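In case you want the letters, here they are:
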Amino acid sequence: MPFDHNDHYHRLLLRTIGRGSGGTGGRALDVGCGTGRFARRLAAAGYTVDAIDPSAEVIAEARAASGTGDGNGNGDGDGDGPNPRYRQADITTIELPAGHYDVITALASIHHVPFATVARLRDALAPGGTLVILGCAPESGPVDLLRTAVAVPANAVARLAVWTRDRATGRQVPAKPPVAEPTLPLPAIRRQAATLLPGATVRRKLFWRYLLVYRDPR
């Protein structure tokens, strides 16, 4: 009964990006793109999108869903080729062009790497660019437990609705990217973000996600 918590927040993320960059045009990087659903939404919004993920399986599915075949997608993000442009790569080691991207997104992927990796994303932002992280963090404290008490029944209803829709339409369940349990609690994320991404906002969301937004001040 698939209900993707990341997909649930796509509209919120697009609205957030729109406030930061105008919502159309420009270069975007989607980190940990999985099967490419949000990368395709960025492309539909007018961005030229580079989308990376370390999993060969989900990159292959992303290319198939976008009709881009087996190309390597190693372009420079300037619009000469498929859009989105998918690439199997590790965000901790891939060379990112400095000051290049108007928008960088990371949906449920930052907890797979050291949080300090956000500094590499920060440095890859163009002047005035926006970094948006939809992240995962373990629950900590009574407020999180209360939020979970609300989220569990809401999640059950949403799962049933998605299952009913998919059964009626015959939609196939896409491949799932590798899963890792988050270990860095939200207070620690806020502390590190204050140092690495000064001025960033971090807010806990309902379905076991937090939203971090950083806008380059240049």
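This text goes with the structure placed above it.
A few points on the structure.

Reading the values: rules and limits
- Residues numbered from 1 in each chain as written.
- Predicted model: local features only at pLDDT ≥ 70, side-chain atom pairs only at ≥ 80, totals over all residues.
- Heavy atoms only, no water.
- Helix = DSSP H or I, 4+ residues; strand = E, 2+ residues; numbered from the N terminus.
- Areas by Shrake-Rupley, 256 points an atom, 1.4 Å probe, with all protein chains shown as cover.
- Buried < 20%, exposed > 50% of the residue type's maximum accessible area, 1.4 Å probe, protein only.
- Pairing = 2+ DSSP bridges.
- Contact = heavy atoms within 4.5 Å.
- Arc of directions from axis to C-beta.
- Salt bridge = Lys/Arg side-chain N within 4 Å of Asp/Glu carboxyl O.

### Concerning the overall build of the chain
Link 1 in the chain: Regarding its fold elements, the chain presents seven helices and seven strands.
Link 2 in the chain: Secondary structure elements of the chain, listed N to C terminal, follow the sequence α-α-β-α-β-α-β-β-α-β-α-α-β-β.
Link 3 in the chain: If you sum the accessible surface of the chain, you get close to 10,600 Å²; carbon and sulfur atoms cover 55% of it.

### Considerations on the pairing of strand E7 (residues 210-215)
Link 1 in the chain: Buried residues dominate E7, accounting for five of its six residues.
Link 2 in the chain: The pairing of strand E5 (residues 125-135) with E7 spans six bridges and is classified as antiparallel. What sits directly across from Leu134, in E7, is Leu211.
Link 3 in the chain: The pairing of strand E6 (residues 201-204) with E7 spans four bridges and is antiparallel.

### Section: the environment of Cys136
Link 1 in the chain: Within the element layout of this structure, Cys136 appears in the loop between E5 and helix H6 (142-169).
Link 2 in the chain: Taking relative accessible area as the criterion, Cys136 reaches 11% and is therefore assigned buried.
Link 3 in the chain: Considering only alpha carbons, one finds Cys136 and Leu211, 75 residues apart in sequence, at a separation of 9.1 Å.
Link 4 in the chain: With near-sequence residues (within four places) excluded, Cys136 lies in contact with Ala108, His111, Pro182, Ile189, Trp208, Arg209 and Tyr210.

### Describing helix H4 (residues 56-66)
Link 1 in the chain: Taken together, the buried positions of H4 are Val58, Ile59, Ala62 and Arg63. All buried residues of H4 fall inside an arc of 140° around its axis, so they share one side. Exposed residues lying more than 90 degrees from the buried face of H4 are Glu57, Ala64 and Ala65.
Link 2 in the chain: Those residues of H4 that are buried lie in contact with helix H3 (37-44), strand E2 (48-53) and strand E3 (85-88).
Link 3 in the chain: Following H4 by one or two positions, Gly67 adopts a phi angle in the positive range, close to 70°.

### Section: unusual backbone geometry
Link 1 in the chain: The residue after Asn83, namely Pro84, is reached through a cis peptide bond having omega 5°.
Link 2 in the chain: By secondary structure assignment, the location of Pro84 is in the loop between H4 and E3.
Link 3 in the chain: One non-glycine residue, Ala108, adopts positive backbone phi at about 50°.
Link 4 in the chain: Within the fold, Ala108 resides in the loop between strand E4 (101-107) and helix H5 (118-124).

### Concerning the side chain of Thr105
Link 1 in the chain: Of note, Thr105 is situated in strand E4.
Link 2 in the chain: Of the residues examined, Thr105 reaches a relative accessible area of 1% and is grouped as buried.
Link 3 in the chain: Beyond its immediate stretch of four places on either side in the chain, Thr105 contacts Ile17, Leu29, Asp30, Val31, Phe38, Leu42 and Val132.

### Structural notes on the pattern of salt bridges
Link 1 in the chain: Under the defined criterion, the tally for this structure stands at four salt bridges.
Link 2 in the chain: Between Asp7 and Arg37 there is a salt bridge whose closest N-O contact spans 2.7 Å. In this pair, Asp7 is assigned in helix H1 (residues 5-8) and Arg37 in helix H3, connecting sequence segments 30 residues apart.
Link 3 in the chain: A salt bridge links Asp50 to Arg85; the shortest N-O distance between them is 3.2 Å. Of this pair, Asp50 sits in strand E2 while Arg85 sits in strand E3, and the two are 35 residues apart along the sequence. An identical accessibility class is assigned to Asp50 and Arg85; each is buried.

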